[in-house]
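Secondary and tertiary structure notes
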Amino acid sequence: MTDLAASTRERVTRALREQRIETASWAYGNSGTRFKVFPQEGVPRDPYEKIADAAMVHRFTGAAPTVSLHIPWDRVDDYADLAAYAAQQGVALGAINANVFQDNDYRLGSVTNPDPGVRRKAIGHLLECVDIMDRTGSRDLKLWFSDGLNYPGQDNIRDRQDRLAEALRETYDRLGPDQRMLLEYKLFEPAFYVTDVPDWGTAYAHCLSLGERAQVVIDTGHHAPGTNIEFIVAFLLRAGKLGGFDFNSRFYADDDLMVGAADPFQLFRIMFEIVQADAVGPASGIAFMLDQCHNIEPKIPAVIRSVLNVQEATAKALLVDTAALASAQAAGDVLGANAVLMDAYHTDVRPLLRDLRADQGLDPDPVAAYQRSGYFERIRTERAGGDAAGWGA
Ligand code: PSV
Ligand code: MN
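For clarity, every value in this text was computed on a predicted model and none was experimentally measured.

**Some points on the overall build of the protein chain**
Helix and strand counts for the protein chain come out as 14 helices and ten strands. A globule of 393 residues ought to have a C-alpha radius of gyration of about 21 Å, and the protein chain, at 21 Å, matches this closely. Taking all 393 residues of the protein chain together, the buried fraction comes to 54%. Contacts spanning at least 24 positions in sequence make up 78% of the contacts within the protein chain whose residues lie at least 6 apart.

Right, dumping it as structure tokens:
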């Protein structure tokens, strides 16, 4: 990277120092597919141990200072104590993810269920999550609904939208002045015919009518193949409605694999939209979260790898020569404009990131440093007894 101008280097590293990536508590627990969960050694047995693992990711990357919780998987008696433990470990608690998809009552939906009693129960859980946010100091309530239909005629699509709007309204009105609601969409699964929040347009329309503290979250795995995700990013940024990302990568559906693994170029294009809006740093209010499961690979190094993948895509996006791009665009120079973007994408930013880490007092190679640290050998022994955390705990 010796050929980078000092001013470019300075600009890029300044932005990268600001970048914050939130890891997910469930990424540290056992996970799998509906076919098999392969248990791993050293997996956390409770939310405290998940936080200890998240703290290791931050210790080696310097870029992952918060961890998202999932209720009820991360339910504890004393959330203030959990927050204090996190602070002691050098991290903070991030978004609270509600879960209205795992109770038997939710077979026909949660907040859109035809039964008002089930709807009340689901809304009660959403409100409980806001109570928890008050105690953890979390800013964001992240909502994903599995609600939907499998068969035409199963329920009234419009009525379900009304029920959804009512539930969102009641929850939104309970938020404190510094709290936000992030509404996630997903094309399909578990519902196959209709999903009640299937796409960004539906999420956006609900957020628009709720108010400014309701924003859309883009889970990169929740689209049809071929969807242009960076268009969605650009649109929501322009509308001031992009609340955050759930990063992961997918080959087919909601694969929840390491971000940047399947299509690093897509991640670069997404981050370029963020860079153009000057939205990399925390002042933008955009939560850059990971929503991944590591079913066959070791979990902590996989989360570290994911953080590094986001950093690499961001560094490349920051390297785009925006002046050259603007003049090529203004001149209608199609090939020239595309070449400016591709030049940045093809730059090897790993030396720059290694230098940045050395400047920050970090090991230039976080995965290797983690592997040398002896942490895994310690947790594999210490956590040998007890029940490993997983999707249901
Ligand atoms: C299910 O698709 C999901 O991955 C959603 O994306 C949520 O964010 C996450 O689970 C946790 O509830
Ligand atoms: Mn998600």
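**Side note on the nonpolar core**
Counting 106 residues, the largest nonpolar core has Leu143, Phe145, Ile218, Phe245, Phe247 and Ile274 as the members making the most contacts within it. Counting residues per element, this core draws most heavily on helix H9 (residues 299–318), which supplies ten residues. Counting residues in hydrophobic clusters, the runner-up holds five residues, among them Leu182, Val217, Ala287 and Met289.

**Considering the coordination of the manganese ion (ligand 2)**
Distances from the manganese ion (ligand 2) to its protein donors, Glu184 (OE), Asp219 (OD), Asp246 (OD) and Asp291 (OD), fall at 2.1 to 2.2 Å. The site at the manganese ion (ligand 2) holds six donor atoms, and with the angles between them running 70 to 162°, its shape is octahedral. Sequence positions of the residues that donate to the manganese ion (ligand 2) give the spacing E-x34-D-x26-D-x44-D. One end of the pair, Glu184, is in strand S6 (residues 180–184); the other, Asp219, is in strand S8 (residues 214–219), with 35 residues separating them in the sequence. Residue Glu184 is classed as buried on the basis of its relative accessible area of 4%.

**Topic: the site of ligand 1**
The local shell around ligand 1 consists of His70, Phe101, Lys142, Trp144, Glu184, Lys186, Asp219, His222, Asp246, Asp254 and Asp291. Contacts to ligand 1 include His222, whose side-chain N or O atom sits 3.3 Å from an oxygen atom. Contacts to ligand 1 include Asp246, whose side-chain N or O atom sits 3.1 Å from an oxygen atom. The protein chains hide 91% of the 310 Å² of surface that ligand 1 would expose on its own.

**Quick look at helix H1 (residues 6–18)**
In an α-helix, one turn spans 3.6 residues, which is why side chains three or four residues apart end up on the same side. The terminal C-alpha atoms of H1 lie 19 Å apart, and with 13 residues this matches the ideal 18 Å at 1.5 Å per residue to within 8%. Of all the residues in H1, the buried ones are Thr8, Val12, Thr13, Ala15 and Leu16. All buried residues of H1 lie within an arc of 160° about the axis, which places them on one face of the element. In H1, the exposed positions angled more than 90 degrees off the buried face are occupied by Ala6 and Ser7.

**With respect to the environment of Asp3**
Tracing the backbone through its elements, the reader meets Asp3 in the segment before H1. For the pair Asp3 and Lys50, spaced 47 residues apart in the sequence, the C-alpha separation amounts to 42 Å.

**Some points on the packing of aromatic side chains**
Applying the stated criterion across every chain, the model contains 18 aromatic pairs. When the centroid spacing of 5.2 Å and the interplanar angle of 65° are considered together, the rings of Tyr48 and Tyr85 count as edge-to-face. One end of the pair, Tyr48, is in helix H2 (residues 47–61); the other, Tyr85, is in helix H3 (residues 79–89), with 37 residues separating them in the sequence. Both rings, one in Phe101 and one in Trp144, keep their centres 5.0 Å apart while their planes meet at 65°; by these two values the pair is edge-to-face. With Phe101 in the loop between strand S3 (92–97) and helix H4 (116–136) and Trp144 in the loop between strand S4 (140–143) and strand S5 (148–149), this pair connects stretches of sequence that are 43 residues apart.

**Notes on the pattern of salt bridges**
Enumeration according to the criterion identifies 29 salt bridges in this entry. One salt bridge in this structure joins Arg17 and Asp359, with 3.7 Å as the shortest N-O distance. Of the two residues, Arg17 sits in helix H1 while Asp359 sits in helix H12 (residues 350–359), which places them 342 residues apart along the sequence. Classification of Arg17 as partly exposed rests on a relative accessible area of 39%. For Asp246, the salt bridge goes to Lys142, with nearest N and O atoms at 2.9 Å.

**Some details on the side chain of Thr61**
Its location among the elements puts Thr61 in helix H2. Only 2.7 Å separates the side chain of Thr61 from the backbone oxygen of Val57, close enough to count as a polar contact. In contact with Thr61, other than residues within four places in its own chain, are Ile304, Val307, Leu308, Gln311, Leu362 and Pro366.

Reading the values: rules and limits
Residues numbered from 1 in each chain as written. Chains lettered and ligands numbered in written order. Predicted model: local features only at pLDDT ≥ 70, side-chain atom pairs only at ≥ 80, totals over all residues. Heavy atoms only, no water. Helix = DSSP H or I, 4+ residues; strand = E, 2+ residues; numbered from the N terminus. Rg over C-alpha atoms; globule rule 2.2 N^0.38 Å. Buried < 20%, exposed > 50% of the residue type's maximum accessible area, 1.4 Å probe, protein only. Contact = heavy atoms within 4.5 Å. Core = buried A, V, L, I, M, F, W, Y, C linked by side-chain atoms within 4.5 Å. Donors = N, O, S within 2.8 Å, 3.2 Å for Na, K, Ca; no water. Tetrahedral: all angles 85-135°; square planar, octahedral: opposite > 155°, others 65-115°. Near = heavy atom within 4 Å. Polar contact = N/O pair within 3.5 Å; in protein donor to acceptor, adjacent residues only side chain to side chain. Areas by Shrake-Rupley, 256 points an atom, 1.4 Å probe, with all protein chains shown as cover. Expected span 1.5 Å × (residues − 1). Arc of directions from axis to C-beta. Phe/Tyr/Trp six-rings, centres within 6.5 Å; stacked < 30°, edge-to-face > 60°. Salt bridge = Lys/Arg side-chain N within 4 Å of Asp/Glu carboxyl O.

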